Amino acid sequence: MEEPENHTIQIKLFKLSPIKEQMSGEYCWLYFAHNRACKTGLLTVERATMNDFTGKTVWITGASSGIGAALARLLAAKGARLILSARSVDKLEAVRQSCLNPADQLCLPLDLADPASIEAAWNHLQEIPRDVDILINNAGMTQRARVLDTRMEVYRQLLEVNFMAAVDLTKKVLPGMIERGTGQIVAISSLMGKFASPQRSGYAAAKHALQGFMDSLSAEVHSTGIRVLVASPGFVNTDVSLNALRGDGTLHGKMDPEQAAAISAEKCAEQIVAAMIKGRAEVFPGGKERIGLLLHRISPALLRRVMRKLQAN
Ligand SMILES: NC(=O)c1ccc[n+]([C@@H]2O[C@H](COP(=O)([O-])OP(=O)(O)OC[C@H]3O[C@@H](n4cnc5c(N)ncnc54)[C@H](OP(=O)(O)O)[C@@H]3O)[C@@H](O)[C@H]2O)c1
């Protein structure tokens, strides 16, 4: 007997404004046709990926604090099984205990500035029968120093933690994801991965590198079913400025006013997880500082002028 014909069509989702009143006639028809096709199952939308984390193993770096800890709690509440990584064993354990079903969650301490430590953690993970379904490269540290005052070892540390470690971990989990034909790689970059302000030269360079790596990876693996998300937050209320490096490698140790007034790590995590569920390529959690992104796109010259003024202050 002949196989029934498969009428499912795959198309790429193009942006249509849901505000029907603002649409011209032909786009309005397209919008309704698209909705109808989705409802009847005629159309499968490529962007629809993971909306259920039950039983999924999610490896989160920088899980001992801030955005990483908030992501851990949120994803555990959605049924994920977590691998929590950072240097601070006590803080990781406290986060594990604060998650739903702590017995399902695993702490895997490592130092991302040290490739040998990453290798040892990875070898340890191989002894545990868990495939990594989602990797969240979240760990990072920023900078508060001008180029003239920043030592080379500080640049190296910023690049290792914010960029090289993410490359290393991504390369480690990728073959398994490709073999299984599914997976998600998330990178927590920053608005500083899109443009740069004074006193962030090493941090911005590392986040720009992360963005470039992830963009290239995304293009390479899209057809294999793997999705890549780059989250580029503005300001988020975490310890990031306390942990920022000064030019000599010591800690900045101050809560900057922009951080103190920013959105919470929980709100940031919610927006990142929503983007993961939708299989998006980008998300920009934050507040009014995101105007910088708009300026960067529509008037880079004006943004440069604003940045020079920041330098003067
Ligand atoms: N907060 C913001 O305004 C903001 C804005 C844009 C982007 N981001 C990005 O968001 C991510 C999370 O930062 P956060 O705001 O949550 O800051 P945070 O509270 O300082 O958290 C940073 C995390 O990274 C971990 N980490 C730092 N160095 C590490 C190393 N060598 N090895 C392993 N783990 C290391 C820290 O854990 P241990 O110290 O225990 O190792 C901690 O868990 C970072 O990539 C940051 O660049 C933050």
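In what follows, the accompanying structure is described. One numbering rule holds for all chains: residues counted from 1, following each sequence as written. For this predicted model, a pLDDT threshold of at least 70 governs which residues receive local features, and a threshold of 80 or more governs which side-chain atom pairs are given and counted, while totals over whole chains, interfaces and linings are taken from all residues.

1. What to know about helix H3 (residues 89–98)
Then, number 1: A residue is called partly exposed when the number of other C-beta atoms within 10 Å of its own lies between 12 and 20, exposed at 12 or fewer, and buried at 20 or more, with C-beta atoms placed from the backbone. Strands are runs of DSSP state E lasting at least two residues, helices are runs of H or I lasting at least four, and both sets are numbered from the N terminus onward. All of the buried residues along H3 are Leu92, Val95 and Arg96. Looking straight down H3, one finds that the buried residues subtend no more than 105 degrees of arc, so they occupy a single side. Facing away from the buried surface of H3 by more than 90 degrees, the exposed residues are Asp90 and Gln97. Here, the arc refers to the directions that run from the helix axis to the C-beta atoms.

2. Details of the nonpolar core
Then, number 1: Nonpolar cores are identified as sets of buried Ala, Val, Leu, Ile, Met, Phe, Trp, Tyr and Cys residues joined via C-beta atoms within 7 Å. Membership of the largest hydrophobic core comes to 70 residues, with the highest contact counts inside it found for Ala72 and Leu82.
Then, number 2: In terms of residue count, helix H5 (residues 152–180) provides more of this core than any other element does, nine residues in total.
Then, number 3: Contact between two residues is assigned when their C-beta atoms, built from the backbone, lie within 7 Å. Those residues in contact with Leu82 that sit more than four places away from it in its chain are Val58, Ile60, Ala72, Leu75, Ala76, Cys99, Gln105 and Leu106.

3. Here we look at unusual backbone geometry
Then, number 1: Here the phi dihedral of Asn101 falls at roughly 50 degrees; this positive angle occurs in a residue that is not glycine.
Then, number 2: Assignment of secondary structure puts Asn101 in the loop between H3 and strand S5 (106–107).
Then, number 3: Here Gln199, not a glycine, exhibits a phi torsion of approximately 70 degrees, which is positive.

4. Section: the site of the ligand
Then, number 1: In this analysis, residues qualify as near a molecule or strand once their C-beta atom, positioned from backbone atoms, comes within 6 Å of it. Around the ligand sit 32 residues in total, of which Gly62, Gly66, Arg87, Ser88 and Gly140 are the nearest.
Then, number 2: Grouping the constituent residues of the shell around the ligand by class yields 14 nonpolar, 14 polar and four charged. Throughout this entry, Asp, Glu, Lys and Arg are counted as charged residues, while Ala, Val, Leu, Ile, Met, Phe, Trp, Tyr, Cys and Pro are counted as nonpolar. The remaining residues, Gly among them, count as polar.

5. A few points about the pairing of strand S7 (residues 183–188)
Then, number 1: Most of S7 sits out of view: six of its six residues are buried.
Then, number 2: Burial of the side chains of S7 extends over both faces: Gly183, Ile185 and Ala187 are buried on one face and Gln184, Val186 and Ile188 on the other.
Then, number 3: For a crossover, the right-handed case is the one in which the path from the first strand over the helix to the second runs clockwise, viewed with the strands pointing away from the viewer. Handedness of the strand S6 (residues 134–137)-H5-S7 crossover: right-handed.
Then, number 4: Here, a strand pair is defined by DSSP locating no fewer than two bridges between the strands. Two strands pair when backbone bridges link them, and S7 and strand S8 (residues 226–231) are joined in this way by six bridges, in the parallel orientation. Within S8, the residue paired with Gln184 across the bridge is Arg227.
Then, number 5: Assessed by its sense of winding, the connection that carries the chain from S7 through helix H6 (residues 201–221) to S8 is right-handed.

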